[in-house]
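So you can see what is in the structure, the chains are spelled out below.
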Amino acid sequence: MKKVILSVAVIAVLGFVSCKNDTKKEAETTQTEGASEVALTELSFGVRGNCGMCKNTIEKAANAVDGVTKADWDVDKKKIDVAFDGSKTDAMSIHKAIAASGYDTEKVAGSEEAYKNLPGCCQYDHTMEMNQSGEIKAEDHGEHHM
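In this report, we go over the structure that sits alongside the text. Sequence order as written defines residue numbering, which begins from 1 separately in each chain. With the structure being a predicted model, the display of local features is reserved for residues of pLDDT at least 70 and the display and counting of side-chain atom pairs for 80 or more, all residues being used for whole-chain, interface and lining totals. Derived side-chain values reflect all non-hydrogen atoms in the structure, with water molecules and hydrogen atoms excluded from consideration.

**Describing the overall build of the chain**
Note on conventions: DSSP H or I runs of at least 4 residues are helices, E runs of at least 2 residues are strands, and numbering of each starts at the N terminus. Helix and strand counts for the chain stand at 4 helices and 3 strands. The order of helices and strands in the chain, counted from the N terminus, is α-β-α-β-β-α-α. Relative accessibility thresholds used throughout: buried, under 20% of the residue-type maximum; exposed, over 50%; partly exposed, between the two (1.4 Å probe, protein chains only). Here the chain holds 146 residues, and 29% of them are scored as buried. The contact rule is simple, with two residues in contact once any of their heavy atoms fall within 4.5 Å. Considering only contacts in the chain between residues 6 or more positions apart, those separated by 24 or more positions represent 56%. To measure how exposed things are, a 1.4 Å probe is used in the Shrake-Rupley method; for residues, cover is taken only from the protein chains shown. In the structure as shown, the chain presents an accessible area of about 10100 Å², 56% of it carried by carbon and sulfur atoms.

This is the structure in structure tokens:
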């Protein structure tokens, strides 16, 4: 009988200790999340590219940088919107990561080696304008003769 009571008491104590640790972990997580929200920086900049495959590669490169919480590249505007924890990274690290994947950004030229390994549809024109406004410019047909 003593063994049964002792076993129940041990199980009860372990249960209370386990619940106490879970509560403590939740509190720590909440504090960490709150701190990261304060340091969150949002930024947009131009990145050259052509297609949906480019979008995946560019976003993957940006998201691989420690501290980046969001990366969304717009195929039409040739612009990426990123959000990151400024205490873990900076804008130049994101530019460099994207460039290392083969894509030109406003501040860093893409790696030629990585560019050569991109699929054909992703090998963009290096003089391509990074149209951040999204405005489509009318073509100049002044030189055409009718």
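Here the narrative resumes, following the displayed structure.
**Some remarks on unusual backbone geometry**
With phi around 55 degrees, Lys78 is a residue other than glycine that occupies positive phi space. Assignment of secondary structure puts Lys78 in the loop between β2 (68-74) and β3 (79-85).

**Topic: the sheet that holds β2**
An order of β1-β3-β2 is seen for the 3 strands of this open sheet, with the pairing classed as antiparallel. Here the strands that pair on one side only, and so sit at the sheet edges, are β1 (40-46) and β2. Taking the axes of each pair of neighbouring strands and ignoring which way they run, one obtains an average angle of 10 degrees across the sheet. Alignment of β1 against β3, held across 7 bridges, turns out to be antiparallel. Each bridged residue has a counterpart across the sheet, and for Thr41 the counterpart in β3 is Phe84. Under this scheme, a helix contributes an axis fitted over its contacting stretch, all axes are lines through C-alpha atoms, and angles between N-to-C directions fall in the 0 to 180 degree range. Across the face of the sheet, helix α2 (residues 52-63) comes into contact with β2 and β3 while running at roughly 160 degrees to β2. Should DSSP find at least two bridges between two strands, the strands are regarded as paired.

**Overview of the pairing of β2**
Pairing of β2 with β3, which is carried by 6 bridges, proceeds in the antiparallel orientation. Each residue of the ladder has a partner; that of Asp72, found in β3, is Asp81. Two successive antiparallel strands, β2 and β3, enclose a turn made up of 4 residues, where Lys78 displays a positive phi of approximately 55 degrees.

**Remarks on the pattern of salt bridges**
Basic side-chain nitrogens of Lys or Arg form a salt bridge, by our definition, when they fall within 4 Å of a carboxyl oxygen of Asp or Glu. Under the definition given, this model contains 4 salt bridges. Among the ionic pairs, Asp104 bridges to Arg48, the shortest N-O distance being 3.4 Å. Of this pair, Asp104 sits in the loop between α3 (91-100) and α4 (112-116) while Arg48 is found in the loop between β1 and α2, placing the two residues 56 residues apart along the sequence. Asp104 sits in the buried class, given a relative accessible area of 6%. The class for Arg48 is buried, based on a relative accessible area of 15%.

**Topic: the packing of aromatic side chains**
Paired rings are identified among Phe, Tyr and Trp, the last through its six-membered ring, by centres lying within 6.5 Å, and are further divided according to the angle between planes into stacked (under 30 degrees), edge-to-face (over 60) and tilted (the rest). Considering all chains together, one arrives at 2 aromatic pairs under this definition. Summarising the aromatic geometry, the rings of Tyr103 and Tyr124 are spaced 5.7 Å apart at their centres and angled 20 degrees between planes, so their arrangement reads as stacked. Here Tyr103, found in the loop between α3 and α4, pairs with Tyr124, found in the segment after α4; they are 21 residues apart in sequence, far enough to count as distant. Given a relative accessible area of 0%, Tyr103 falls into the buried group. You can call Tyr124 buried: its relative accessible area is 2%. Here the aromatic rings of Tyr115 and Tyr124 are separated by 5.1 Å at their centres, their planes lie at 80 degrees, and the arrangement is edge-to-face. By way of ring pairs, the aromatic residues Tyr103, Tyr115 and Tyr124 are connected into one cluster.

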